[in-house]
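In case you want the letters, here they are:
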Amino acid sequence: LREDLVETGEPYIAFDKVVSLAADYGVTRVQADEMLRVFHDLGVLVHQRGTEKLYGKVVVEPQWLLDKLANVINDERHSRMSHFDADVARRGLRADLEEYRRSGTATKDLLAFLFGDEAVDYLIDFMR
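From a predicted model like this one, the values you see are computed outputs, not experimental measurements.

Definitions and cut-offs
Residues numbered from 1 in each chain as written. Predicted model: local features only at pLDDT ≥ 70, side-chain atom pairs only at ≥ 80, totals over all residues. Heavy atoms only, no water. Helix = DSSP H or I, 4+ residues; strand = E, 2+ residues; numbered from the N terminus. Buried < 20%, exposed > 50% of the residue type's maximum accessible area, 1.4 Å probe, protein only. Contact = heavy atoms within 4.5 Å. Arc of directions from axis to C-beta. Phe/Tyr/Trp six-rings, centres within 6.5 Å; stacked < 30°, edge-to-face > 60°. Salt bridge = Lys/Arg side-chain N within 4 Å of Asp/Glu carboxyl O.

Peer 1: Break down unusual backbone geometry for me, with residues and values.
Peer 2: At Asp117, a position not held by glycine, the phi torsion is positive, near 55 degrees. Phi is positive for Ala119, close to 50 degrees, though the residue is something other than glycine. Within the fold, Ala119 resides in the loop between α9 (108–114) and α10 (120–127). Among the residues examined, Ala119 registers a relative accessible area of 16% and is labelled buried.

Set out below in structure tokens:
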């Protein structure tokens, strides 16, 4: 099943999709959930359970998650990117970025930009 998850080519998969793939092997929803817990504990994938949004996604490529979070916590890198300020301005997020740099508080729009508009609600929940 782990290979099936990786072969999707997606960095994350909906929990219900994992359950569906597991059913092809005769694995029940409860067994699939326990398997994900073990895989998570081993660091093979990320499956958080703190909220519905977190529970609803299984991160098959943990590096994807680290890369997304690095976009928020590694602001110095953004300062060195020549296109970064232009992209921020084009999205109308200059004030949002200045507030983030000043106070460490980011708007959802800025986070969406930093996350590449991908899985924004999941990633925000993950950071909480």
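The structure having been displayed, the exposition proceeds.
Peer 1: Give a description of the side chain of Lys68 that names residues and reports values.
Peer 2: Note that Lys68 resides in helix α5 (residues 62–73). Taking the relative accessible area as the measure of exposure, Lys68 reaches 12% and is therefore buried. Once residues lying within four places of it in the same chain are set aside, the contact partners of Lys68 are Phe115, Gly116, Glu118 and Leu123.

Peer 1: Could you give an account of helix α8 (residues 94–103), with specific residues and numbers?
Peer 2: Buried within α8 we find Asp96, Leu97 and Tyr100. Taken around the axis of α8, the buried residues stretch over an arc of 95 degrees, which confines them to a single face. Turned more than 90 degrees away from the buried face of α8, the exposed residues are Ala95 and Arg102.

Peer 1: Help me get a handle on the packing of aromatic side chains, residues and values and all.
Peer 2: Using the criterion set out here, one finds three aromatic pairs in the structure. Geometrically, the ring pair formed by Tyr12 and Trp64 is tilted, given 4.9 Å between the ring centres and 45 degrees between the ring planes. Of this pair, Tyr12 sits in strand β1 (residues 12–14) while Trp64 is found in helix α5, placing the two residues 52 residues apart along the sequence. A residue is classified by how much of its surface remains accessible, and Tyr12, at 21% relative accessible area, is partly exposed. Arranged with centres 4.8 Å apart and planes meeting at 45 degrees, the rings of Phe15 and Tyr55 form a pair that is tilted. Placement of the pair is Phe15 in helix α2 (residues 15–23) and Tyr55 in helix α4 (residues 52–55), with a sequence separation of 40 residues. Given the relative accessible area of 26%, Tyr55 is considered partly exposed.

Peer 1: An account of the pattern of salt bridges is needed here, citing residue identities and associated values.
Peer 2: Under the criterion given, the structure shown has nine salt bridges. The partner of Asp117 in a salt bridge is Arg91, and the shortest N-O contact between them spans 3.1 Å. Taken together, the positions of Asp117 in the loop between α9 and α10 and Arg91 in the loop between α7 (84–90) and α8 put the pair 26 residues apart, joining distant regions of the chain. Between Asp125 and Arg128 there is a salt bridge, with its nearest N and O atoms 3.2 Å apart. By relative accessible area, which is 10% here, Asp125 ends up buried.

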